[in-house]
Amino acid sequence: MAKVYTGRDGRLLIGGTEQLKVTNWSLTGALEVLETTTLGEYQRSYVPGVQEFSGSASLLYYNNGSGRNDAATALKNILKTGSVADTDTVSLQLRLVEGNTNHDISLTAYITDVTYSASVGEVSSAQISFRATGALTGVTI
Amino acid sequence: MAFPDLVPSSRSFDPGDYPIKTFKAQNGSEVRILYGSNRTNMKLSLNYVNITDANAELFLDHYEETKGTFSTFELPEGNTGPKGGWGGNKDAIGANLSGNAYRYEGPPQVQQVRPGISSVTVNLIGVL
């Protein structure tokens, strides 16, 4: 059956837990290419270099009434009194749901930027940016 | 083992000069004495960008074979070698037209940019 995916199908999981009140996520994959053109050639040629994956997500700053606030948990990857250690990676799954089928991109990443704001007349939210370390751990899109 | 038969990504050539001694008087007049009939000290710099490590190793092997900067050697003249891409006469950027031969001016510089891929810079100098 034909299917157009929308934000209604989107999910974000951190550490295997589906996050509450996610308003958007995005992922960018990039491949660095290394030029191998030599003198006397008329077309540029390349070999593949390293891959890079980065992205961002926004979560409403929301308390579900049981003390769970996923935005706060994500913010605490950087907003903390101690320093960030090598082991402070997060396991992310960027998901589009189609019935019982999940189309996932899984990666291990460092949270690299967080923005946390409150404005009159607006819902408070947290924006996080992440950068993958190592290869993608799963692609089922 | 001959010099690696690879076309560089970029190349620069300094044609050197004849052995000339210049004397300048206090009034500004200049006297030059020509001490030889052969131009020498030409310099050829070759950059090989993003080549395989196996090809980069060829330069290290050749450098070892020439005992570093000690021995002189000839460069391949073909279009697939270090003079490839040059549309003029190949001997114009060579050393032997003036009775010279190239030797390494210094060790080849190898920079690895990712697994299996390296860039190499080779500096040669023509000597009589």
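The structure this text deals with has already been given above.
Just so it is clear, the model here is predicted, and its values are computed rather than measured.

Student: Would you mind showing me how to read unusual backbone geometry here?
Tutor: Trans peptide bonds make up most of the peptide bonds, and negative phi angles are found at most residues other than glycine. Its identity as a non-glycine residue notwithstanding, A:Lys21 has a phi of 55°, on the positive side. Mapped onto the secondary structure, A:Lys21 falls in the loop between strand S2 (17-18) and strand S3 (22-35). If you check the backbone angles, B:Lys67 has positive phi at about 55° while not being a glycine.

Student: Before we go on, may I ask you to explain a negative patch on the surface in this structure?
Tutor: All names here are of chain B. Residues Glu57, Asp61, Glu64 and Glu65 make up a contiguous surface patch of negative charge. The topology assignment puts Glu57 in helix H1 (residues 53-65). According to the relative accessible area criterion, Glu57 is partly exposed, its value standing at 43%.

Student: Would you explain the interface of chain A and chain B in this entry?
Tutor: One frequent convention defines the size of an interface as the accessible area lost when the parts assemble. Tallying the contact residues gives 10 residues for chain A and 12 residues for chain B. Buried area between chain A and chain B, both sides added, is near 790 Å², and the carbon and sulfur share of it is 61%. Sorting the residues of chain A by area buried against chain B places A:Leu34, A:Thr38 and A:Leu39 first, and these three jointly supply 56% of that buried surface. Taken together, the links from chain A to chain B amount to zero salt bridges. Contributions of two or more residues to the side of chain A that touches chain B are made by S3 and strand S4 (46-60) of chain A. Here the side of chain A that touches chain B gets three residues from one element, more than from any other, and that element is S4(A). Taken together, the residues of the side of chain A that touches chain B break down into four nonpolar, five polar and one charged.

Student: Looking at this structure, how should I read the packing of aromatic side chains?
Tutor: Working definition: an aromatic ring pair is given by the centre-to-centre distance plus the angle between the planes. Residue and element names in this part refer to chain B. Per the stated rule, a full pass over the model turns up seven aromatic pairs over all chains. Measuring from centroid to centroid gives 5.7 Å for Phe3 and Phe73, while their planes differ by 10°, and the two rings are stacked. Of the two residues, Phe3 is situated in the segment before strand S1 (10-14) and Phe73 in the loop between H1 and strand S5 (101-104); the sequence distance between them amounts to 70 residues. In terms of burial, Phe3 and Phe73 fall into one category: buried. With a centroid separation of 4.6 Å and an interplanar angle of 45°, the aromatic rings of Tyr48 and Phe59 are classed as tilted.

About the criteria used
Residues numbered from 1 in each chain as written. Chains lettered and ligands numbered in written order. Predicted model: local features only at pLDDT ≥ 70, side-chain atom pairs only at ≥ 80, totals over all residues. Heavy atoms only, no water. Helix = DSSP H or I, 4+ residues; strand = E, 2+ residues; numbered from the N terminus. Patch = residues over 30% accessible without salt bridge, like charges linked within 9 Å, V, L, I, M, F, W, Y side chains within 5 Å. Areas by Shrake-Rupley, 256 points an atom, 1.4 Å probe, with all protein chains shown as cover. Salt bridge = Lys/Arg side-chain N within 4 Å of Asp/Glu carboxyl O. Lys, Arg positive; Asp, Glu negative; His and termini not counted. Charge placed at Lys NZ, Arg CZ, Asp CG, Glu CD. Buried < 20%, exposed > 50% of the residue type's maximum accessible area, 1.4 Å probe, protein only. Contact = heavy atoms within 4.5 Å. Buried area = accessible area lost by both parts, 1.4 Å probe. Nonpolar A, V, L, I, M, F, W, Y, C, P; charged D, E, K, R; others polar. Phe/Tyr/Trp six-rings, centres within 6.5 Å; stacked < 30°, edge-to-face > 60°.

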